[in-house]
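# Analysis of the macromolecular model
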Amino acid sequence: MALLGNFKDLPLEEILQLLATKEGALEIWNVKGVPATTIYLKPGRIRSVDQKGKPLPPLAAKAVLIALLQAREGAFEFIPGARPPHGYRLNWPIERALLSLVTLTDEMAREGLPPPGARFRLVKAQGSLPCQDLLRQAGDLLARGASVEEIARHLQVPWTYVAFCLRRLQAAGAVRPTLGR
């Protein structure tokens, strides 16, 4: 099943539902703020999310998928039977990943996000906290205080995802906004 088009006509959520039983590569380009991305699928699973020919680690893959789910413009083409040129696997169930990512996308749309220049500092990192993956990878930056943009650049994820996680961590009392450096 070959499929090509634009997110204006068919959003990513619907594309992934259509391709849930297929194997191949969904190539995506011309999405503002997101480099060309390839999502490798096998029946029922997201094998990997690649950019520049390399697989993204889970946190970056999640952030990119959220950005792509929010995109209303961008081109795509599905290449049936294509497989990743590497052995790295996310192996995420498509339906569960979509449910989780769409829920996060809805939450992000409802909450006011801090701007890219907003700075945060770690207050506590114990207990059951949201966005553990981001906290684990950006803990050193947050310990000394860092902006949303600095963390996003360091983790190579869209700033909106970092802002969303910092807002959730702030609500949990794990980080607080700071002024200056």
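Along each chain, numbering runs from 1 in the same order as the chain's sequence is written. Two thresholds apply to this predicted model, a pLDDT of at least 70 for residue-level local features and 80 or more for giving and counting side-chain atom pairs, whereas whole-chain, interface and lining totals are computed over all residues. Excluded from the side-chain calculations are hydrogens and water; all other atoms, namely the structure's heavy atoms, are used.

## Focus on the packing of helix α4 (residues 132–144) against helix α5 (residues 148–155)
The axes are straight lines fitted to the C-alpha atoms, using for helices just the contacting stretch, and the angles between their N-to-C directions are given from 0 to 180°. Helix and strand assignments follow DSSP, with helices taken as H or I runs no shorter than four residues and strands as E runs no shorter than two, numbered in order from the N terminus. Their axes nearest at 10 Å, the elements α4 and α5 cross at an angle of 125°. Between α4 and α5, the angle falls in the class oblique. Crossing angle aside, the handedness with which α4 passes α5 is right-handed. Residues Leu-134, Gln-137, Ala-138, Leu-141 and Leu-142 of α4 pack against Glu-150, Ile-151, His-154 and Leu-155 of α5. Residues are grouped as follows: Ala, Val, Leu, Ile, Met, Phe, Trp, Tyr, Cys and Pro are nonpolar; Asp, Glu, Lys and Arg are charged; every other residue, Gly included, is polar. Within the contact of α4 with α5, the residues separate by chemical class into six nonpolar, two polar and one charged. An angle below 35 degrees is treated as roughly parallel, one above 145 as roughly antiparallel, one from 65 to 115 as roughly perpendicular, and anything else as oblique. Crossing chirality is assigned from the near helix's rotation relative to the far helix, an anticlockwise turn below a right angle marking it left-handed and a clockwise turn marking it right-handed. Contact definition: two residues touch when any of their heavy atoms are within 4.5 Å.

## A closer look at the packing of aromatic side chains
Classification of ring pairs uses Phe, Tyr and Trp, with its six-membered ring standing for Trp, and accepts pairs whose centres are within 6.5 Å; under 30 degrees between planes counts as stacked, over 60 as edge-to-face, and the remaining range as tilted. Under the defined criterion, the tally for this structure stands at one aromatic pair. Here Phe-7 and Phe-76 contribute two aromatic rings whose centre-to-centre distance is 5.8 Å and whose plane-to-plane angle is 25°, an arrangement assigned as stacked. Separated by 69 residues along the polypeptide, Phe-7 in the loop between β1 (3–6) and α1 (12–18) and Phe-76 in strand β6 (residues 75–80) bring together distant segments of the chain. Taking relative accessible area as the criterion, Phe-7 reaches 2% and is therefore assigned buried. Relative accessibility thresholds used throughout: buried, under 20% of the residue-type maximum; exposed, over 50%; partly exposed, between the two (1.4 Å probe, protein chains only). Exposure remark for Phe-76: the relative accessible area of 2% places this residue in the buried category.

## Some thoughts on the state of the cysteines
Any pair of cysteine sulfurs within 2.5 Å is marked as a disulfide. Here the structure, examined in full by the defined rule, presents one disulfide. Disulfide pairing is shown between Cys-131 and Cys-165; the S-S distance is 2.5 Å. Its torsion about the S-S bond being -80°, the disulfide of Cys-131 and Cys-165 is classed as left-handed. Here Cys-165 lies in helix α6 (residues 159–171) and Cys-131 lies in the loop between β8 (119–122) and α4, a separation of 34 residues in the sequence. Comparing Cys-131 with Cys-165 shows no difference in burial state: the two are buried.

## Digging into the pattern of salt bridges
The salt bridge criterion pairs a side-chain nitrogen of Lys or Arg with a carboxyl oxygen of Asp or Glu, the two atoms within 4 Å. With the rule as written, the count across this model stands at five salt bridges. Across the salt bridge formed by Glu-23 and Arg-83, the nearest N and O atoms sit 2.6 Å from each other. Of the two residues, Glu-23 is situated in the loop between α1 and β2 (24–29) and Arg-83 in the loop between β6 and β7 (92–93); the sequence distance between them amounts to 60 residues. Look at Arg-83 and you get exposed, because its relative accessible area is 54%. The salt bridge involving Glu-150 is made with Arg-119; its shortest N-O contact spans 2.7 Å. In this pair, Glu-150 is assigned in helix α5 and Arg-119 in strand β8, connecting sequence segments 31 residues apart.

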